[in-house]
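# Summary of structural features
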Amino acid sequence: MDYIEKVLEKLKEWAGKLIEALLGPEAQPEPEPIPVPVRDNDRRYR
């Protein structure tokens, strides 16, 4: 029974690799943009 479980696990891995190769990797969530502090000096405009 352990042998069958190992074979099924390998088949799942191969199927996942095949699907990824055909369809591309799984969609990853967009990373949150990192706020960049900006110095707002009035000296630039004078």
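Overview of the structure. (Residues numbered from 1 in each chain as written. Predicted model: local features only at pLDDT ≥ 70, side-chain atom pairs only at ≥ 80, totals over all residues. Heavy atoms only, no water.)

### A few points about the overall build of the protein chain
If you tally the helices and strands in the protein chain, you get 1 helix and 0 strands. Surface exposure of the protein chain reaches about 5400 Å², of which carbon and sulfur atoms provide 60%. (Helix = DSSP H or I, 4+ residues; strand = E, 2+ residues; numbered from the N terminus. Areas by Shrake-Rupley, 256 points an atom, 1.4 Å probe, with all protein chains shown as cover.)

### Description of a nonpolar patch on the surface
Where nonpolar side chains cluster on the molecular surface, the patch consists of Met1, Tyr3, Ile4, Val7, Leu8, Leu11 and Trp14 and spans about 830 Å² of accessible area. Turning to its location among the elements, Ile4 is positioned in helix α1 (residues 2–23). (Patch = residues over 30% accessible without salt bridge, like charges linked within 9 Å, V, L, I, M, F, W, Y side chains within 5 Å. Salt bridge = Lys/Arg side-chain N within 4 Å of Asp/Glu carboxyl O.)

### A closer look at the pattern of salt bridges
One pass over the full model with this rule turns up 2 salt bridges. The residue Lys6 makes a salt bridge to Asp2 at a minimum N-O spacing of 3.9 Å. Residue Lys6 and its partner Asp2 are located together in helix α1, separated by 4 residues, close to a single helical turn. On the accessibility criterion, Lys6 (53% relative accessible area) is exposed. (Buried < 20%, exposed > 50% of the residue type's maximum accessible area, 1.4 Å probe, protein only.)

Remember that the coordinates give geometry; whether it matters functionally is a separate question.
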